[in-house]
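# Chains, contacts and geometry: an overview
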Amino acid sequence: MLSFTGGLKVFVALEPCDMRKGFNGLQALVDERLKEEVRSGALFVFGNRARTRLKILYFDGTGLWLLNKRLERGTFSWPKSADGGGVKLRLAPEALAMLTDGVDLRNGRLRAWYERD
């Protein structure tokens, strides 16, 4: 489980991303598609079309971090913009923690494939 602090900015790309992209490709997406500065200290979250993988790009002041997560079962409950448009959505750090832990952000419940025995 990852932990994120309250003052952290989190941007989620709403359109699917090619998961073959690495540091440079994702940085280009942040610059060109999201219109944000990668060195701002924000987290940038990208998911694949099937919503089974995600990547988080983060600049810590000395270099870029790239975190990857692949689900063995199920899908991420990907957030959607309230107005149905846009290319990015700003999330609270707590919402990102819930997203990566399998909480359905639309209904506020733990998804069935994450239930404990």
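Just so you know, these numbers come straight off a predicted model, no measurement behind them. The numbers attached to residues start from 1 for each chain and follow its sequence in the written order. A pLDDT threshold of at least 70 governs which residues receive local features in this predicted model, and a stricter bar of 80 or more applies before side-chain atom pairs are shown or counted, although totals over entire chains, interfaces and linings include all residues. With hydrogens and water excluded, all non-hydrogen atoms of the structure serve as input to the side-chain values.

## Quick look at the packing of aromatic side chains
Working definition: a ring pair exists when centres of Phe, Tyr or Trp rings (six-membered ring for Trp) sit within 6.5 Å. Plane angles under 30 degrees give stacked, over 60 give edge-to-face, the rest tilted. What the rule picks out here adds up to one aromatic pair. With a centroid separation of 5.8 Å and 15° between ring planes, the pair formed by Phe11 and Phe44 is classed as stacked. Note that Phe11 is positioned in strand 1 (residues 10-13) and Phe44 in strand 2 (residues 43-47), a separation of 33 residues in sequence. With a 1.4 Å probe rolled over the protein chains alone, any residue whose accessible area is under 20% of its type maximum counts as buried; one over 50% counts as exposed, and the rest are partly exposed. Judged by relative accessible area, Phe11 falls into the buried class, the value being 9%. On the accessibility criterion, Phe44 (0% relative accessible area) is buried. Here a strand is any run of E in DSSP of at least two residues, a helix any run of H or I of at least four, and the numbering for each starts at the N terminus.

## Considering the confidence of the model for the protein chain
Looking at the protein chain, the pLDDT average stands at 85 and 85% of residues meet or exceed 70. The pLDDT value expresses, per residue, how confident the predictor is, ranging between 0 and 100. No element of the protein chain has a lower mean pLDDT than strand 7 (residues 109-110), which averages 52, and none a higher one than helix 1 (residues 23-32), which averages 97. Low pLDDT (under 50) marks residues 111-117, which in the prediction has 17 contacts with non-local residues, meaning those over four places away or in another chain. When checking whether two residues touch, look at their non-hydrogen atoms; a contact exists if any pair is within 4.5 Å.

## Section: the sheet that holds strand 3 (residues 53-59)
The strand order across the open sheet built from five strands is 4-3-2-1-5, with neighbouring strands paired in mixed fashion. With one partner strand each, in any of the chains shown, strand 4 (64-70) and strand 5 (88-91) form the two edges of the open sheet. Geometrically, the sheet is characterised by an average inter-axis angle of 20° between neighbouring strands, direction not taken into account. Strand pairing is defined by DSSP finding a minimum of two bridges between the two strands. In the sheet, strand 3 pairs with strand 4 via seven bridges, with the strands oriented antiparallel. Bridged to Leu57 within strand 4 is Leu66. Between the N-to-C directions of two axes lies an angle of 0 to 180 degrees, each axis being a line fitted to C-alpha atoms and, for a helix, fitted only over the stretch in contact. Along the sheet, helix 2 (residues 93-101) contacts strand 1, strand 2, strand 3, strand 4 and strand 5; its crossing angle with strand 5, the most-contacted strand, is approximately 105°.

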